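Chain by chain, the residues run as shown.
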Amino acid sequence: TPPLSLSLSRIHPLLFSVLPLSHSLSPSLESIHYFSVYSPSLSPSRIHPLLFSVLPLSHSLSPSLESIHYFSVYSPSLCLPLESIHYFSDVMYICPFTGLVTGTLTSTNYKLYFISLERDTPFILDVNLGAISRLETISVQSHGENTRGMEIVCKDMRSPRFAYKEDASQPEIVEVLAKHAFPLSNDLPLFAFLYKEEFPVDGWKVYDPMAEYKRQGLPNESWTISKMNSSYEVCDTYPALVVIPTSIKDDHLKGVVAFRARHRIPVLSWIHPESQATIVRSSQPLVGPSDRRCKEDERYLQTIMDANAQSHKLTIFDARQSSVADNNKAKDGGYESESFYPNVELNFLEIPNIHVMRESLRKLKEVVYPSIDEAHWHSAVDQTHWLEYIRVRRTPLMGGTGRALCVITCVFQRVGHGDENHANSERSPLFIQFIDCVWQMNRQFPAAFEFNELFLITILDHLYSCLFGTFLYDSEQERVAKEVQTKTVSLWSYINSQPEDFTNPFYVDYEHQVLYPLASVRHLELWTGYYVRWNPRMRPQMPVHQNLKELLFLRAELQRKVDELEREASSSRGSLSSSSEHTSSPSHSGGTPLHTIV
């Protein structure tokens, strides 16, 4: 992004300045260049308050860390706790597109920031430390003696590489990054607990379980909102409030709790407002190799079906492969037998486990980064099987449109939340696949969703950024124990404070209409806006979200004109009606209605 000469009064209100203490600002503010540290592909309006660099053109940054001072341009009280700031000079970014780029690298406890020494068109790269999956040393002997190499493997499809000279007077770059990229392993707090930005909207109030259940028409005669798990003693991974059948008694429920893995009993997730068809989730039953039965569990599922008077069948979608489910029986797990559960139809979705999904994402990363083989693009993407796995993830979502369908989603596979092991090998791309499915739906129905693509990308970026508390920890119980809502900022505070950036200008209210997406692979596309965004050859010259903002402004202007025309038309009809009382004409007894169409 080319540097911009700005006056102090024009600085975006969410900026931080980096000023060498050894130099004062030039009397002319026009001699200062401002560089975005967030992402060169994002518009300035989306830059979150870390950071804009202020570099006097006549001086370079001092190599001494102590000579850098951070202050807030917005408010003296607004300060990011950028402790342990480290500055490294003469670092070479091994760019896969343009070759070596020499510059300076700054590391805080939140972000890595590299800027080239080129002043006219500086190259800028930044990485949220939370997005770092692992740090690896690489061989860079061709770059001279005493040169070390580093590869930063990221969770967002990037793996930038750097080369730098060993300097005994400076700390090791890899050690500095590792310390803050993996804070819990170094007895440091997560950055989200240090970040104290204030927004006009409180994102923690966006979701209220009681309000959401009320919106769905709950409780009703068949379903009740239970506080049985209010202290998380029944199931530590379930929320405090759960919806269960009204007729189920506590003593009956105890048998069901004991028969389900990790006590994840079937609880309601969604109910259709008209047909009363429900989506219910649970874990696998503990039938074991001897096919144990549980009368309480069998009656519980029958009660779920009976809750919908129109339903005569209970359809269970088990996400696992049938072979895996059979193997789980040997470990005291298993699945519902159609012989023991009357009126039940069991469907295995045959979705591979997280190891296969993770390998598929790894292969996709090799296809899209750092270079793309144009001649074999489609075949290379096909060999990753990524779109095939997106297809199987979408299929059960389509099944929910049936008239009297009751679904139990068997959530057996880990979704990336480890108990105590947060290693890279335990992270699942399931949430990325879910957001990808949403994008596929958005692409097929471009007017059905009020949010745009930037909204989805922002969610995925902050899934790992550790700037917000929204995606921290594995369960509601852990979030309550860590006081996440009072000690961190919600991502929704940021998003809902600037909705114009994330709004789809083509949105049309599809209320009471069912969307029927095409789930075959030939109708799916690779989400290049997310997976391939780091390749400059795949990036549009004008960011798509910028065009959407302009369309939003245009739509607002057109709507304003429509409103004015309607008021004028209404006034004209009133005048005509008044005059017709004095001069009535048989040939004009029925006026032609005025319709305004945009």
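Residues numbered from 1 in each chain as written. Predicted model: local features only at pLDDT ≥ 70, side-chain atom pairs only at ≥ 80, totals over all residues. Heavy atoms only, no water.

## Section: the overall build of the protein
Scanning the protein from N- to C-terminus turns up 15 helices and 19 strands. For the protein, long-range pairs separated by at least 24 residues make up 67% of all intrachain contacts whose partners lie at least 6 apart in sequence. When the accessible surface of the protein is totalled, it reaches about 30,800 Å², and 54% of it is carbon and sulfur. (Helix = DSSP H or I, 4+ residues; strand = E, 2+ residues; numbered from the N terminus. Contact = heavy atoms within 4.5 Å. Areas by Shrake-Rupley, 256 points an atom, 1.4 Å probe, with all protein chains shown as cover.)

## Side note on the UniProt feature "binding site: substrate" (unreviewed entry) in the protein
Annotation from UniProt places "binding site: substrate" (unreviewed entry) at Asn-328, Lys-329, Ala-330, Lys-331, Asn-353 and Ile-354. Following the sequence through the fold, Lys-331 ends up in the loop between helix H5 (322-329) and strand E18 (344-348). (UniProt positions renumbered as here; feature names shortened; annotations may be inferred.)

## Observations regarding the sheet that holds strand E7 (residues 99-107)
Taken together, the 7 strands give an open sheet; going across it, the order is E9-E8-E7-E6-E12-E11-E10, and neighbouring strands pair in antiparallel fashion. Both outer strands of the open sheet, strand E9 (124-128) and strand E10 (132-138), are each paired with one neighbouring strand and no more. Neighbour-to-neighbour, the strand axes of this sheet turn through a mean angle of 30°, independent of strand direction. Relative to strand E12 (residues 161-165), strand E11 (residues 147-154) runs antiparallel, the two sharing 5 bridges. Bridged to Arg-148 within E12 is Tyr-164. (Pairing = 2+ DSSP bridges. Axes fitted to C-alpha atoms, helices over the stretch in contact; angles between N-to-C directions.)

## As for unusual backbone geometry
Note: most residues except glycine have negative phi, and most peptide bonds are trans. The residue after Leu-218, namely Pro-219, is reached through a cis peptide bond having omega 0°. Tracing the chain through its elements places Pro-219 in the loop between helix H2 (209-215) and strand E13 (223-226). Look at the link from Tyr-369 to Pro-370: it is a cis peptide, with omega at 5°. Along the chain, Pro-370 falls in the loop between helix H6 (354-368) and helix H7 (377-384). Despite not being glycine, Asn-343 shows a phi value in the positive range, around 60°. When you line up the elements, Asn-343 lands in the loop between H5 and E18. Classification of Asn-343 as partly exposed rests on a relative accessible area of 41%. Within the chain, Tyr-473 stands out as a residue other than glycine whose phi angle is a positive 70°. For Tyr-473, a relative accessible area of 21% translates into the label partly exposed. (Buried < 20%, exposed > 50% of the residue type's maximum accessible area, 1.4 Å probe, protein only.)

## Examining helix H3 (residues 250-259)
Residue pairs spaced three or four apart in an α-helix point in one direction, given the helix's 3.6 residues per turn. Of all the residues in H3, the buried ones are His-252, Leu-253, Gly-255, Val-256, Val-257 and Phe-259. As for H3, its buried residues are in contact with strand E14 (242-245) and helix H4 (295-306).

## A word on the packing of H6 against H7
Their axes nearest at 8 Å, the elements H6 and H7 cross at an angle of 165°. Viewed along their axes, H6 and H7 adopt a mutual orientation that is roughly antiparallel. Here H6 runs over H7; the crossing is right-handed. Seen from H6, the contacting residues are Ser-360, Lys-363, Leu-364, Val-367 and Val-368; seen from H7, they are Trp-377, Ala-380, Val-381, Gln-383 and Thr-384. (Parallel < 35°, antiparallel > 145°, perpendicular 65-115°, else oblique. Left-handed = near helix turned anticlockwise from the far one by under 90°.)

## So, the environment of Arg-391
You can see Arg-391 is positioned in helix H8 (residues 386-399). As a C-alpha pair, Arg-391 and Leu-524 span 133 residues in sequence and 7.8 Å in three-dimensional space. Contact partners of Arg-391, with chain neighbours within four places excluded, come to Ala-519, Ser-520, Val-521 and Leu-524.

## Comments concerning H5
Looking at H5, one finds that the buried residues are Ala-325, Asn-328 and Lys-329. Buried positions in H5, seen along its axis, are confined to an arc of 110° and lie on one side of it. (Arc of directions from axis to C-beta.)

## Things to note about the pattern of salt bridges
Within this structure, the stated rule accounts for 23 salt bridges. Glu-151 is the partner of Arg-161 in a salt bridge, and the nearest nitrogen-oxygen pair spans 3.6 Å. Taken together, the positions of Arg-161 in strand E12 and Glu-151 in strand E11 put the pair 10 residues apart, joining distant regions of the chain. Its relative accessible area of 37% is what places Arg-161 among the partly exposed residues. Between Arg-560 and Glu-564 there is a salt bridge whose closest N-O contact spans 2.9 Å. Linking Arg-560 with Glu-564, this pair stays in helix H15 (residues 544-580), spanning 4 residues, or about one helical turn. A relative accessible area of 37% means that Arg-560 is categorised as partly exposed. (Salt bridge = Lys/Arg side-chain N within 4 Å of Asp/Glu carboxyl O.)

## Here we look at a nonpolar patch on the surface
A cluster of nonpolar side chains, contributed by Phe-506, Leu-551, Leu-554 and Leu-558, occupies part of the molecular surface with about 340 Å² of accessible area. Here Phe-506 shows up in the loop between helix H13 (491-496) and helix H14 (528-531). (Patch = residues over 30% accessible without salt bridge, like charges linked within 9 Å, V, L, I, M, F, W, Y side chains within 5 Å.)

## Considerations on the packing of H3 against H4
In contact at an axis separation of 8 Å, H3 and H4 are set at 105° when each is read in the N-to-C sense. On the basis of their axis angle, the class for H3 and H4 is roughly perpendicular. Touching His-252, Leu-253, Gly-255, Val-256 and Phe-259 of H3 are Glu-296, Asp-297, Arg-299 and Tyr-300, all from H4. Of the residues contributing to the contact of H3 with H4, the split by class is 4 nonpolar, 2 polar and 3 charged. (Nonpolar A, V, L, I, M, F, W, Y, C, P; charged D, E, K, R; others polar.)

## Some words on the packing of aromatic side chains
Inspection of every chain in the model, using the stated rule, returns 22 aromatic pairs. Taking the centre distance of 6.2 Å and the plane angle of 35° together, the rings of Phe-431 and Phe-434 count as tilted. Remark: Phe-434 and Phe-431 occur in helix H9 (residues 430-444); sequence separation between them is 3 residues, near one turn of the helix. With a relative accessible area of 29%, Phe-431 lands in the partly exposed category. Judged by relative accessible area, which is 45%, Phe-434 ranks as partly exposed. Here Phe-449 and Phe-451 contribute two aromatic rings whose centre-to-centre distance is 5.5 Å and whose plane-to-plane angle is 45°, an arrangement assigned as tilted. The exposure class of Phe-449 is buried, given its relative accessible area of 16%. Counting every residue linked through ring pairs, the aromatic cluster contains Tyr-195, Phe-199, Phe-449, Phe-451, Phe-455, Phe-468, Trp-492, Tyr-494 and Phe-502. (Phe/Tyr/Trp six-rings, centres within 6.5 Å; stacked < 30°, edge-to-face > 60°.)

## Observations regarding the environment of Arg-158
As for its position among the elements, Arg-158 is in the loop between E11 and E12. Arg-158 sits in the buried class, given a relative accessible area of 8%. Separated by 375 residues in the primary sequence, Arg-158 and Arg-533 place their C-alpha atoms 9.7 Å from one another. Not counting residues up to four positions away in its chain, the partners in contact with Arg-158 are Asp-126, Val-127, Ile-152, Val-153, Lys-365, Tyr-369 and Trp-534. A polar side-chain atom of Arg-158 sits 3.0 Å from a polar atom in the side chain of Asp-156. (Polar contact = N/O pair within 3.5 Å; in protein donor to acceptor, adjacent residues only side chain to side chain.)

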